[in-house]
Amino acid sequence: MTPYSFAHNAYAGDLQQTWDHLIDGEESGVTVHVAGRVMLLRTQGKLAFATMRDSTGEVQLFALAALTERFDEFVRLHLGDWVGVVGEVVRTKRGELSVKVVSWSTLAVAQHNFGDKWAGIADFDLRYRHREADLWANEKSRLTLARRSDVLRSARERCWAANFMEVETPILNPIPTGASARPFSTFHNALDSQFYLRIAPELWLKRLVVGGFERVFELGRVFRNEGVSPRHNPEFTMLELYAAYWDYENMMNFTEELVANVATDVLGSTEISYQGRPLSFATPWPRRTMAELTSEAVGEEVSVHTPRRHLANLLAQRDVEVPEAWGAGRCLAELFEASAESSLWDPVFVTDHPVEVSPLARRHRNDTTLTERFESYAVGRELSNGFSELNDPVDQRLRFEEQARLAAAGDDEAMRIDEDYLRALEWGLPPTAGLGLGIDRLVMLLADESNIREVIAFPTLKPRRD
RNA sequence: GCGCCGGUAGCUCAAUUGGCAGAGCAUUUGACUCUUAAUCAACAGGUUCCGGGUUCAAGUCCCGGCCGGCGCACCA
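This text gives an overview of the structure that appears in the document. Keep in mind that what you see is a predicted model, and the values were worked out from it rather than measured.

What links the strands of a sheet is backbone hydrogen bonding, and the strands pair in either a parallel or an antiparallel sense. Reading around the circumference, β1-β2-β3-β5-β4 is the order of the 5 strands in this closed barrel, with mixed pairing throughout. The average undirected angle you get between the axes of adjacent strands in this sheet is 55°. Here 8 bridges tie strand β1 (residues 27–44) to strand β4 (residues 82–91), and the two strands are oriented antiparallel to one another. If you follow H33 over to β4, its bridge partner there is V86.

On to the pairing of strand β3 (residues 57–64). The element β3 is largely enclosed, with a buried count of 7 among its 8 residues. Where strand β2 (residues 47–54) lies against β3, 8 bridges are found, and the strand directions are antiparallel. When the bridges of β3 are listed, F49 appears paired with F62. Between β2 and β3, which pair antiparallel one after the other, the connecting turn spans 2 residues. Looking at chain direction, β3 and strand β5 (residues 97–108) are connected through 3 bridges and run parallel. From the neighbouring strand, F62 faces β5, where its bridge partner is K100.

On to helix α11 (residues 393–408), then. Its 16 residues place the ends of α11 22 Å apart at the C-alpha level, agreeing with the 22 Å of an ideal helix rising 1.5 Å per residue. Those residues of α11 that sit buried are D395, Q396, R399, F400, Q403 and L406. End-on view of α11: buried residues confined to an arc of 140°, all on one side of the axis. Exposed and facing more than 90 degrees away from the buried side of α11 are V394, L398, R405 and A408. Each element contacted by the buried residues of α11 is listed here: α6 (202–210), β16 (363–364), β17 (367–371) and α12 (419–426). The residue sitting at the N-terminus of α11 and contributing the capping side-chain oxygen is D392; that oxygen lies 2.8 Å from the backbone nitrogen of V394. Phi turns positive one or two residues past the end of α11, at G410, with a value near 110°.

Let's shift gears to the packing of helix α9 (residues 308–317) against helix α10 (residues 328–339). The contact between α9 and α10 brings their axes to 9 Å, and the two run at 25°. For the element pair α9 / α10, the angle class is roughly parallel. For the element pair α9 and α10, the recorded crossing hand is left-handed. Taking contact as the criterion, the partners of R308, L311, L314 and L315 in α9 are, on α10, A328, C331, L332, E334 and L335. Of the residues contributing to the contact of α9 with α10, the split by class is 7 nonpolar, no polar and 2 charged.

A separate point is the protein's contact with RNA strand B. Near RNA strand B there are 50 residues, and of these R94, D116, H232, N233 and R453 occur at the shortest range. Sugar plus phosphate, as a fraction of atoms of RNA strand B within 4 Å of the protein: 62%. Here a phosphate oxygen of RNA strand B sits 3.3 Å away from a polar atom, N or O, in the main chain of K46. Take D116: an N or O atom from its main chain is 2.5 Å from a sugar or linking oxygen of RNA strand B.

Let us look at unusual backbone geometry. Cis peptide bonds are those with omega within 30 degrees of zero, and the linkage from T283 to P284 qualifies with 0°. Counting through the fold element by element, P284 comes out in the loop between β13 (277–280) and β14 (287–289). In this structure, D192 is a non-glycine residue whose phi angle is positive, near 50°. Here D192 lies in the loop between β8 (185–188) and β9 (193–197). Assessed through its relative accessible area of 60%, D192 is described here as exposed. Of note in the backbone geometry, D448 takes a positive phi value of approximately 55° without being a glycine. Within the secondary structure layout, D448 lies in the segment after α13 (439–447). Under the relative-accessibility criterion, D448 is labelled partly exposed at 31%.

Cut-offs applied
Residues numbered from 1 in each chain as written. Chains lettered and ligands numbered in written order. Predicted model: local features only at pLDDT ≥ 70, side-chain atom pairs only at ≥ 80, totals over all residues. Heavy atoms only, no water. Pairing = 2+ DSSP bridges. Helix = DSSP H or I, 4+ residues; strand = E, 2+ residues; numbered from the N terminus. Axes fitted to C-alpha atoms, helices over the stretch in contact; angles between N-to-C directions. Buried < 20%, exposed > 50% of the residue type's maximum accessible area, 1.4 Å probe, protein only. Expected span 1.5 Å × (residues − 1). Arc of directions from axis to C-beta. Contact = heavy atoms within 4.5 Å. Polar contact = N/O pair within 3.5 Å; in protein donor to acceptor, adjacent residues only side chain to side chain. Parallel < 35°, antiparallel > 145°, perpendicular 65-115°, else oblique. Left-handed = near helix turned anticlockwise from the far one by under 90°. Nonpolar A, V, L, I, M, F, W, Y, C, P; charged D, E, K, R; others polar. Near = heavy atom within 4 Å.

Below you can see the structure in the form of structure tokens.
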């Protein structure tokens, strides 16, 4: 029977640092208890060398028939077995820091191997379905998921440092809202009610601001029942935060600082390389209106005031089908996506979106057909989305009603009227700015990964049907 | 959802024009007192993803299905 515990008192990584000064063949006189997984095993008659890895790194185990108990069993260990070892820290004649094994025990056996000891595990299906094996076999996977943890820690600390309080809001929602997306639905038996997994926590968070929490953030999972791709997982992690008394300019300032600081916390610099190309998070990020960028991309002046018919023609030239229900605003936003979006490499704020595509954003103070909204883009992808929040319950009702008309016309991503939210606005939402930041996308950039599944420990896969 | 590509031993990968299904590592056995992906020797290891079809003969060609990668669509 394997032990129930092990009196562990040292880590491989620490030993490598602490005993860096040991010269070849020198013995430290210090006995340690280390534990980890056997990654490699080299036997040589009455000697055996094992490479053991724990969460901090690797250290060699040096076993001798003359010293090590049950030596004949030690040399029969399998790659992947967990062992606990007691022995002296030494450096071998050939220069490898080692624990000279006196007593030891198998803590757990590995009944399956961990892939080729040189090539690891390459099969995507196996790696994603059995990430536990992938993590042992592939250093890159360990580094990427550790980096995700670093990003989460940094983002939280930066939010706390700016006096945002972390809150949690419902994942089970009677109405899916706060974004435009198809939801997952589920059912609560005792309440005899249909629920939807949240597509965004937005409205709940603003209700907390109404309640007097002036700066709140939530770092949590949202769910969207849409296609999967190298950049889309059905569940993903969003940082949403709201600050009373801020407008979207303030929030853009905060956003660029947040991302730049996270990059610095995690990588030590705002200057990184992504997929072989330099990428700079250095602030300030350019701020360009959607109309400007779209005009540049299509080679003529366009805006939300351009006749819808003309915008529709420009879209048609780009093979975009234009439904009857789209107004000039939606056409402009679609034209932006079709023409300008993919070329935005370094971070940039795209601002002043049409009201038509921004049902929760406050109208622009200089043009009521636009909103005070921004989206940051990097590497041609949307990274964040924020705005001066619409806090007028009358206008919000009009926006919801417009969404309801779209839904009636067949748009299954349109928002639904949320009476509870409207009532909350009637109690008074101060001027507030909000932000939603896609954490997975940010981790992809900071981990130099091109597939979102690499930055998610257990990405959503189709269940096997054997 | 559509298109392209892929699935061969536990893992990483070969297999020419349709012609005996292979190697390295892992496993098993043996040798070896300073190895570093140790080395050397030997044994063993297969529903070639699944189901049909064409053919004297199919890993290879055709049809259907499953799973994955990439692109498109949708979207963040």
